[in-house]
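Here are the chains, one letter per residue:
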Amino acid sequence: MASSFAVCRLHMTGRGSLVKCLKKVDTLLTRNIGTNAVVAQGEALQKDKSDEKDGLQSLYAVQAKRQEQAERSVLISCLSKTNEKKFVKYLSKYGDIQKYFFYESYGMYAVVEYANQESVSSLLEDTAFPSISHESMVPFKSRLLSLRNIGSADSTNKQSGQLCQPQTTVPINTLIQRLSSEESIDQQVTSLTEAYQLTEENTRLRFLVCSLLKDIATAYFPECTIKPFGSSVNGFGKLGCDLDMFLDLDGISGRKAKMPNAGLSMEYQMKRENTERDVTQSILSVIGECVDRFGPGCVGVQKILKARCPLVRFSHQPSGFQCDLTANNRVAMKSTELLYLYGELDPRVRCLVFTVRCWARAHAITSSIPGAWITNFSLTVMVLFFLQKRSPPIIPTLDHLRNLAGPEDKSVIEGNDCTFVSDFSKIQPLSNTETLEKLLCEFFEFYATFSFSKMSINVRKGKEQNKPEVAPLHIQNPFETSLNVSKNVSATQLERFVALCQESSWLLQQSETRTPGVGTGRNTATPWGLATLLLPSQVAGVKSRKKRRREPASERIKSLLESLKNDNQPKKS
C-alpha cells in the first residue's frame, strides 16, 4: 500500500530474506490511540526521564518540546514481522536513537526519534525514490519512509510476530467488566481515565504528523509552524479522537515588523483579497491542493472553505488519524490552553471529565454526528463550572485567572479578551479534598436540579446568570462571550440529560449499587458503582423533568437491583 502513497523508500540489498518472527528484546507493550501500538526500547536507547522536570509546564513549553522531538523523528513503514534488533542496528548507523516504537495502521509502522536533526538529514540523503514502471513519481522529500529487506530469520525460529492491541478504545462491555473488578468508585474513575486517555506514544505521533504536514506548508510559507490543538493537547483527548491542526504564520520573521522608511522590505505579489477570511481561504485552498496531490498517506482530502472556520479535512492513513487543518482559529488555541491549565491544576478535573464524557456517550447524550446533541466541549465546560461551584472551589474562575495575568499574558483576539495567567506558580492551590466518588455523585445531583430554563452557565464568573437568549441550554463561550456554545442542543436532548442525571444520582445513593459485587472470578464480577451507570438505560423522550424527579426509580433500575440481589444470594446445591 505504501507505493500508492508515493512515499520515499529505503532500498537495501544483500541482507537475506525477511524474518519470520519478532524477537522481543526489551519490548514494552502499550496501548496507542487510533492505532495499534507496540512500544520498543532497545538496550542502547536513552531514556526520556532526563527530560522530566519538577513543577508544571505551560502548554507553550510542552508544545515546544514536542515539536522539537517531532523534527528529529521519521515515520517508517515496515513489514509486520520485522527483526527488531536489525531494524535498530541499521537505523542507528545514521546516529543515536533517542526513542522508537511500533504501531499498526493500514500496515506496520515505526516512529524513530533521533538524538539530533543531523541524523535525520543523513538518513534522508541515503534514501532513494521508488522506481515503478507504470507510474511517474513526484520527487517530494518526505520523512515518511519505507524500509524493506534488512535481515533474515532462522527457519527454526518459531517465535510469533509483533503483538498489537486493538486500535480503538476498549468496548463498553469490556470496560464495565474491568470497572466491576475495582474495589472503590474512586478506583473505577481512575481506571476509566487510564483506559481512555492519550498515551505518550500517540501524542508523539500526533506531533509528528503535524511536523510532516509542515514540511509541505513550508514550501509556500518558510518558517511557518503547524501545531495540534483541541483534544490532542488539552489533556482531555480520548483514544481515537481527531487531530485538529493550526497553520501558524505569526512566527514568520519580519511579519510583525514595521515598514521602514529606508532599507529592505519583502517583495511579494498577492491576489487581492478583501478580508482576512478571504486570505485564510486562499491559503488553505493552496495547501489543501498540495496535500491532495503530493502529501504521502493523505487521502480523502476535502477543502471546506465556506464553513464558519475554513478548514482542510483529510485522513492520514499511516497514523490512522482523521485530520482538520485550519489557519485562523486563534480563539480555539486559547480555549485549548485554558482547558490544559485547568486539567493540570488538579488531577480530579481530568478524571471527572473523562468519566462524565464516557457516561454521556454510553447513553447517546453525545454523538460523533453533528446534530442536537450536547457536545464534548459543552460537557467539559459543565464539569468545570460544577467544580468552580464546590465549597471550597476546586478550580478558580476565568476572571480570577485573568486577574493573575502579567503583561506577557495579555491576549486580545478579534476584540475578545483572551487574557489569563500561564505561570502555574502564580496560582495558589485550593483546599478542597473531596473524593472522586463524592464529586461524581454531586455532579449528577447538581445538574439534576439545575434551573436550565432560567439560568446560564458561566465559567468566567463561576456562577449562574440569567439567560441572555431563548435556548434550552445556554453555556457562555469563555472568550467569545456573546456566543452560546450549546446553541445546537434541543429541548428533548436536554431533558434526556437531566433525566439521566436524576437516575444516575439515585443509583449512586443505593447500597446495592455502591457495594462491590460478588462474582465467581475477575471476568464475572457483578456491575456496581460507576459500572452500573454505564449499563443501558430506558430513559427516552421524557416529557416532564418534574415528573421524573418524583419517580426516579424506573422499571429498569428496579429490575437491575433485583438482579443484583439475586446474583449475590448463595446458590443452593
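So, how was this worked out
- Residues numbered from 1 in each chain as written.
- Predicted model: local features only at pLDDT ≥ 70, side-chain atom pairs only at ≥ 80, totals over all residues.
- Heavy atoms only, no water.
- Buried < 20%, exposed > 50% of the residue type's maximum accessible area, 1.4 Å probe, protein only.
- Helix = DSSP H or I, 4+ residues; strand = E, 2+ residues; numbered from the N terminus.
- Pairing = 2+ DSSP bridges.
- Salt bridge = Lys/Arg side-chain N within 4 Å of Asp/Glu carboxyl O.
- Phe/Tyr/Trp six-rings, centres within 6.5 Å; stacked < 30°, edge-to-face > 60°.
- Lys NZ or Arg CZ within 6 Å of the ring centre and 35° of its normal.
- Axes fitted to C-alpha atoms, helices over the stretch in contact; angles between N-to-C directions.
- Parallel < 35°, antiparallel > 145°, perpendicular 65-115°, else oblique.
- Left-handed = near helix turned anticlockwise from the far one by under 90°.
- Contact = heavy atoms within 4.5 Å.
- Nonpolar A, V, L, I, M, F, W, Y, C, P; charged D, E, K, R; others polar.
- Expected span 1.5 Å × (residues − 1).
- Arc of directions from axis to C-beta.
- pLDDT = per-residue confidence, 0-100.
- Core = buried A, V, L, I, M, F, W, Y, C linked by side-chain atoms within 4.5 Å.

*Asks:* I keep staring at the pairing of strand E11 (residues 311-316) and nothing clicks. Help me out?
*Replies:* The side chains of a regular strand alternate between both faces of the sheet. Where burial is concerned, most of E11 is hidden: five out of the six residues are buried. Inspection of the sheet shows strand E10 (residues 298-304) paired to E11 by five bridges, in the antiparallel sense. Among the inter-strand pairings, Cys298 is bridged to a residue of E11, identified as His316. Remark: six residues form the turn of the hairpin made by E10 and E11, two consecutive strands paired antiparallel. Across five bridges, the pairing between E11 and strand E12 (residues 321-326) is antiparallel. Paired with Val312 across the bridge in E12 is Leu325. What sits between the antiparallel neighbours E11 and E12 is a turn of four residues, in which Gly320 has the positive phi angle 85 degrees.

*Asks:* In this structure, what is going on with unusual backbone geometry? I would like to understand it.
*Replies:* With the exception of glycine, the majority of residues adopt a negative phi angle, and the majority of peptide bonds are in the trans configuration. Here the bond from Ser391 into Pro392 is cis, since omega is 0 degrees, no more than 30 degrees from zero. With a phi close to 80 degrees, Glu223 is a non-glycine residue in the positive phi region. The residue Glu223 is located in the loop between helix H6 (200-217) and strand E8 (225-229) in this model. One non-glycine residue, Glu414, adopts positive backbone phi at about 50 degrees. Looking at the secondary structure, you find Glu414 in the loop between strand E13 (412-413) and strand E14 (416-417).

*Asks:* Is there a simple way to think about the pattern of salt bridges in this case?
*Replies:* Pairs can form between side chains of opposite charge once their charged atoms are near each other. Applying the stated criterion across every chain yields a total of 26 salt bridges. Notably, a salt bridge pairs Arg66 with Glu200, separated by 2.8 Å at the nearest N-O pair. Pair noted here: Arg66 is in helix H1 (residues 59-71) and Glu200 is in helix H6, with a separation of 134 residues, a long-range link. With a shortest N-O distance of 3.0 Å, Lys389 and Glu464 are connected by a salt bridge. Of this pair, Lys389 sits in the loop between helix H10 (376-388) and helix H11 (398-403) while Glu464 sits in the loop between strand E15 (455-456) and strand E16 (465-466), placing them 75 residues apart in sequence. With a relative accessible area of 33%, Lys389 lands in the partly exposed category. Within the structure, one salt-bridge network assembled from shared partners comprises Arg66, Glu68, Arg72, Glu113, Glu200 and Arg204.

*Asks:* How should the packing of aromatic side chains be read in this particular structure?
*Replies:* Each pair of aromatic rings is reported with the distance of its centres and the angle of its planes. Across all of its chains, the model carries 20 aromatic pairs by this definition. Measuring from ring centre to ring centre gives 6.0 Å for Tyr90 and Tyr94, while their planes differ by 70 degrees; the resulting arrangement is edge-to-face. You can call Tyr90 buried: its relative accessible area is 9%. The structure contains a cluster of three or more aromatic residues connected by ring pairs, namely Trp359, Phe385, Phe386, Phe443, Phe444, Phe446, Tyr447, Phe450, Phe452 and Phe497. Positioned above the aromatic ring of Phe321, the side-chain terminus of Arg206 is 4.4 Å from the ring centre.

*Asks:* What's the story with the packing of helix H12 (residues 436-448) against helix H13 (residues 491-508) in this structure? I'm lost.
*Replies:* To characterise two packed helices, one gives the angle between the axes of the helices and the distance between these axes. Packing of H12 against H13 brings their axes to within 8 Å, and their N-to-C directions diverge by 140 degrees. On the basis of the axis angle, H12 is oblique to H13. As for the relative orientation of H12 and H13, their crossing is left-handed in sense. Contacts from Leu440, Cys441, Phe444, Glu445, Tyr447 and Ala448 in H12 reach Phe497, Val498, Cys501, Gln502, Ser504, Ser505 and Leu508 in H13. For the contact of H12 with H13, a count of residues per class yields nine nonpolar, three polar and one charged.

*Asks:* Explain the packing of H10 against H12 to me, please; I cannot follow it from the model alone.
*Replies:* Look at H10 against H12: their axes get within 11 Å of each other, and the N-to-C directions meet at 105 degrees. By the angle class used here, H10 and H12 are roughly perpendicular. Here Met382, Val383, Phe385, Phe386 and Leu387 of H10 come into contact with H12, specifically with Leu439, Glu442, Phe443, Phe446 and Tyr447. Within the contact of H10 with H12, the residues separate by chemical class into nine nonpolar, no polar and one charged.

*Asks:* Just to check I follow, could you spell out the side chain of Asn416 for this structure?
*Replies:* Topologically, Asn416 is positioned in strand E14. Not counting residues up to four positions away in its chain, the partners in contact with Asn416 are Val331, Ser411, Phe479 and Glu480.

*Asks:* Would you mind going over H1 with me for this structure?
*Replies:* Because each turn of an α-helix spans 3.6 residues, side chains separated by three or four positions in sequence point in the same direction. The end-to-end C-alpha distance of H1, which contains 13 residues, comes to 18 Å, matching closely the 18 Å that a straight helix rising 1.5 Å per residue would cover. Buried within H1 we find Leu59, Gln63, Arg66, Gln69 and Ala70. Each buried residue of H1 sits inside an arc of 125 degrees when the element is viewed along its axis, so together they form one side. Contacts made by the buried residues of H1 are with strand E4 (73-78), strand E6 (108-114), H6, E8 and helix H8 (330-345).

*Asks:* Any chance you could explain the confidence of the model for the protein here in plain terms?
*Replies:* As a general rule, the predicted coordinates of low-pLDDT regions are not to be interpreted in detail. In the predicted model, the protein carries a mean pLDDT of 82, and the fraction of residues at 70 or more is 77%. Confidence drops under pLDDT 50 across residues 1-54; counting only partners more than four residues distant or on other chains, this segment forms 191 contacts. Under a pLDDT of 50 for its full length, residues 541-554 has, in the predicted model, 19 contacts with residues more than four places off or in other chains.

*Asks:* Please explain the sheet that holds strand E9 (residues 243-248) as it appears in this structure.
*Replies:* In spatial order, the strands read E8-E9-E12-E11-E10; together these five strands make up an open sheet with mixed pairing. Two strands close off the open sheet at either side, each with one partner strand: E8 and E10. In this sheet, neighbouring strand axes are inclined to one another by 25 degrees on average, regardless of whether the strands run parallel or antiparallel. Lying on the sheet, helix H7 (residues 276-294) is in contact with E9, E10, E11 and E12; it crosses E10 at an angle near 160 degrees.

*Asks:* Got a minute to help me understand the nonpolar core in this structure?
*Replies:* Soluble, globular proteins show a tendency: their nonpolar side chains are buried together. Within the largest apolar cluster, 80 residues are counted, with the highest numbers of intra-cluster contacts made by Trp359, Leu387, Tyr447, Phe452 and Phe497. Apart from the residues lying within four places of it in its own chain, the contact partners of Phe452 are Met382, Tyr447, Ile457, Lys467, Pro472, Leu473, Leu494, Phe497 and Val498. Core analysis: the next-biggest nonpolar cluster, separate from the first, contains 35 residues, Val209, Ile283, Val291 and Phe314 among them.

*Asks:* Whenever I open this one, the environment of Val291 confuses me. Can you help?
*Replies:* Inspection of the secondary structure puts Val291 in helix H7. In this structure Val291 comes out as buried when scored by relative accessible area, which is 1%. With 23 residues separating them along the chain, Val291 and Phe314 place their C-alpha atoms 8.9 Å apart. Non-local contacts of Val291, meaning those with residues more than four positions away in its chain, are made with Leu213, Ile216, Cys298, Val301 and Phe314.

*Asks:* So what exactly am I meant to see when it comes to the pairing of E4 here?
*Replies:* The element E4 is largely enclosed, with a buried count of six among its six residues. Here E4 shows two buried faces, one formed by Ser73, Leu75 and Ser77 and the other by Val74, Ile76 and Cys78. In this structure, E4 lies alongside E6, joined through six bridges in antiparallel fashion. Bridge pairing in E6 places Ser73 opposite Glu113. Of the strand pairs in this sheet, E4 and strand E7 (residues 144-147) are connected by three bridges, and their pairing is parallel. If you follow Ser77 over to E7, its bridge partner there is Ser146.

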